[in-house]
Each structure stands twice: as structure tokens, then as C-alpha cells.
Amino acid sequence: MTTMIQVENVAKTFTLHNQGGARLPVFDNVNFSVEAGEALVLAGASGAGKSSLLRILYGNYRPTAGAIRITHAGRPVDIVAAVPRTVLDIRRRTLGFVSQFLRVIPRVSTLDIVRDPLLARGAMPETATERAKAMLARLNLPERLWNLAPATFSGGEQQRVNIARSFVDPSAIMLIDEPTASLDAANRDVVVDLIAEARAAGSAIVGIFHDEAVRERVATRYLDITAFRKA
Ligand SMILES: Nc1ncnc2c1ncn2[C@@H]1O[C@H](COP(=O)(O)OP(=O)(O)OP(=O)(O)O)[C@@H](O)[C@H]1O
């Protein structure tokens, strides 16, 4: 087994500087690891800190304490202590984040948005185009939308473009936040399949899914964040 994420003694307390420096402890002493091929689902009540933990794993939020070793290019790198350039390299080559929202870039077509990760990793343009089209078709995005920029798309359409971009070439580690929030049952099933395929190909998955049926189909293991609430 290859450990892809090793979380060591991570704590998070938010300090609200605009509210008299009020301190909001979220969790303390979080320890766990995630292996290649696993899907760890974060569980726990609303407000327990699931989203905060996912953002900490991506290097977006800085934990108050602890280390997070990400296996990047074959060796562990602590993303908490890494310089910004290293964090960007980890994200480009190893660590993907699938949020429920697409970051829309003006005037860039849907097909280009989905092709981009393949091209960035050196795929031939024709191959990238074919794989992007196949992924968009699989997610039932109508072909008439493929050459349009997604700024005007519906919430569910944008979400599917985002999923297509993320799964066209799955990262070794994928952090997933509510990927099925605005999707109908058929497209939810496609996302569940895409996650299973990424896992079978060796990706390590950490995700948040509010839909219980989806959660149960995706999870190989659960982590209840409530257990780490600061006393
Ligand atoms: N940027 C922030 N600044 C201050 N407090 C924050 C910030 N982000 C989250 N919090 C607080 O941290 C706690 C955990 O929030 P978080 O969003 O991680 O919980 P969650 O388990 O994902 O909740 P939900 O299931 O409702 O989405 C909450 O009390 C929240 O108010």
C-alpha cells in the first residue's frame, strides 16, 4: 500500500480579527492517513469542520498546528510548511480539488476547459480533444454547449463541466467537496462511477457528500471529524 496523505497532529482554531479577535476552536490532534485506492469520506455534524479540513489538506487554510505529508513525485512533502511554488507544483501534478463550483474563465470554451489538464500534462491535442468530448458526453452535457464558455450555463451544467475537467485525467489525490449537489440522479450515478474508476486506477480520494446514498456508494472508509472536537 502507498500512503498518499499523512495527517499528523493537525489542529485548527479560527481567529476572527474583525470581531475582537474571538477564537473559534474547530478541531485538535487530528491524525489519519489515506492510501492509494481508498475513498475516505469525511463525516460529522454540520459545523464539525469537514470543509475546513479539506481546505487545509489542499493548502488553502493554514492549520494552527501539525503537518500534512503529501506523497508528491514519490516522496512525502509537508504542504503546511511548503513554499507557495511547491504548493502549486503539488497541485499541478498530484493534488486535485473538485469543488461544487466551476471557476469560470471568461471566453474560454467548455471543450478547452476540459482539455486543459490533459494538454498541461503533455497529451497530444487530438487525444485530449477526444477524451474531453467523451467525458462531456458521458456527463450528458449537450453537444451544442461544448464550444461555448460556461459563464451562462445552469448550476448543474457548470458543475458537470467542473467534474469533466477534474476526472478527464484524475490526480493521484483528489479532494472532493459536494460534487453532486446540483445534479439529477442519472448524472449523480456517473459521478459515483467516475470516482470508483479513479480509485481503481490508484487515486486516493477524500470527500464530503451530504447525499447519504452517494456517500455509502463512494466510501471505503469514514472519518468522523466530531471525534477531534477541541475539549
Ligand atoms: N474562514 C472561516 N473563518 C472563521 N470561521 C470559519 C471559517 N470557515 C469555517 N469556520 C467555522 O469553522 C467551523 C467549521 O466549519 P466547516 O465549514 O469546516 O464545517 P462543515 O463540517 O464543513 O459544515 P457543513 O456540513 O455545514 O458544511 C464552523 O463553526 C465555521 O463557522
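Our structure is the block above this text.
Residues numbered from 1 in each chain as written. Predicted model: local features only at pLDDT ≥ 70, side-chain atom pairs only at ≥ 80, totals over all residues. Heavy atoms only, no water.

Engineer: With reference to specific residues and values, describe the overall build of the protein chain.
Structural biologist: Counting its secondary structure elements, the protein chain contains seven helices and nine strands. With the C-alpha coordinates of the protein chain rotated into their principal frame, the extents come out at 55 × 35 × 35 Å. Taking all 231 residues of the protein chain together, the buried fraction comes to 46%. Nonlocal contacts in the protein chain, meaning residues at least 24 apart in sequence, comprise 68% of its contacts between residues at least 6 apart. A total accessible area of about 11400 Å² is found for the protein chain, and carbon and sulfur atoms account for 50% of it. With 28 positive and 23 negative side-chain charges, the protein chain shows a separation of 7 Å between the mean positions of the two kinds. (Helix = DSSP H or I, 4+ residues; strand = E, 2+ residues; numbered from the N terminus. Buried < 20%, exposed > 50% of the residue type's maximum accessible area, 1.4 Å probe, protein only. Contact = heavy atoms within 4.5 Å. Areas by Shrake-Rupley, 256 points an atom, 1.4 Å probe, with all protein chains shown as cover. Lys, Arg positive; Asp, Glu negative; His and termini not counted. Charge placed at Lys NZ, Arg CZ, Asp CG, Glu CD.)

Engineer: Please give an account of the site of the ligand that cites residues and values.
Structural biologist: Taken together, 14 residues lie around the ligand, and Ser46, Gly47, Lys50, Ser51 and Ser52 are the ones closest in. In the model, a nitrogen atom of the ligand is placed 3.3 Å from a nitrogen or oxygen of the tyrosine 61 side chain. When the ligand sits alone it has 640 Å² of accessible area, and the protein chains cover 65% of it. Contributing elements (two or more residues each) for the shell around the ligand: strand 1 (3–16), strand 2 (22–35) and helix 1 (50–58). At three residues, the largest contribution of residues to the shell around the ligand is made by helix 1. A breakdown of the residues in the shell around the ligand according to their chemical character gives seven nonpolar, six polar and one charged. (Near = heavy atom within 4 Å. Polar contact = N/O pair within 3.5 Å; in protein donor to acceptor, adjacent residues only side chain to side chain. Nonpolar A, V, L, I, M, F, W, Y, C, P; charged D, E, K, R; others polar.)

Engineer: Could you give me a rundown of helix 4 (residues 125–138), with the residues and numbers involved?
Structural biologist: Spanning 14 residues, helix 4 covers 20 Å between terminal C-alpha atoms, matching the ideal 20 Å at 1.5 Å per step. Against helix 3 (110–120), helix 5 (155–167) and helix 6 (185–200) lie the buried residues of helix 4. Looking at the residues trailing helix 4, positive phi occurs at asparagine 140, about 60°. (Expected span 1.5 Å × (residues − 1).)

Engineer: Give me the sheet that holds strand 2: which residues, what numbers.
Structural biologist: One open sheet accounts for four strands, arranged 2-1-4-5; its pairing is antiparallel. The outermost strands of the open sheet, each flanked by one partner alone, are strand 2 and strand 5 (75–78). Between one strand axis and the next, the sheet turns through 25° on average, direction left out of account. Inspection of the sheet shows strand 4 (residues 65–72) paired to strand 5 by four bridges, in the antiparallel sense. From the neighbouring strand, histidine 72 faces strand 5, where its bridge partner is arginine 75. Running at roughly 120° to strand 1, helix 1 makes contact with strand 1, strand 2 and strand 4 of the sheet. Against the sheet, helix 2 (residues 84–93) engages strand 4 and strand 5, with an angle of about 45° to strand 4. (Pairing = 2+ DSSP bridges. Axes fitted to C-alpha atoms, helices over the stretch in contact; angles between N-to-C directions.)

Engineer: Outline the packing of aromatic side chains, supporting the account with residue identities and numerical values.
Structural biologist: Under the counting rule described, the total for this entry stands at two aromatic pairs. Here phenylalanine 14 and tyrosine 61 contribute two aromatic rings whose centre-to-centre distance is 5.6 Å and whose plane-to-plane angle is 90°, an arrangement assigned as edge-to-face. Residue phenylalanine 14 is found in strand 1, and its partner tyrosine 61 is found in the loop between helix 1 and strand 4; the two are separated by 47 residues along the sequence. With a centroid separation of 5.0 Å and 55° between ring planes, the pair formed by tyrosine 58 and phenylalanine 97 is classed as tilted. Remark: phenylalanine 97 occurs in strand 6 (residues 95–98) and tyrosine 58 occurs in helix 1; sequence separation between them is 39 residues. Given the relative accessible area of 16%, tyrosine 58 is considered buried. Positioned above the aromatic ring of tyrosine 58 is the side chain of arginine 91, whose terminal nitrogen or guanidinium carbon lies 4.0 Å from the ring centre. (Phe/Tyr/Trp six-rings, centres within 6.5 Å; stacked < 30°, edge-to-face > 60°. Lys NZ or Arg CZ within 6 Å of the ring centre and 35° of its normal.)

Engineer: For the environment of alanine 132, give the residues involved together with the corresponding values.
Structural biologist: Positionally, alanine 132 belongs in helix 4. Alanine 132 sits in the buried class, given a relative accessible area of 0%. As a C-alpha pair, alanine 132 and glycine 122 span ten residues in sequence and 14 Å in three-dimensional space. Those residues in contact with alanine 132 that sit more than four places away from it in its chain are Leu111, Val114, Arg115 and Val168.

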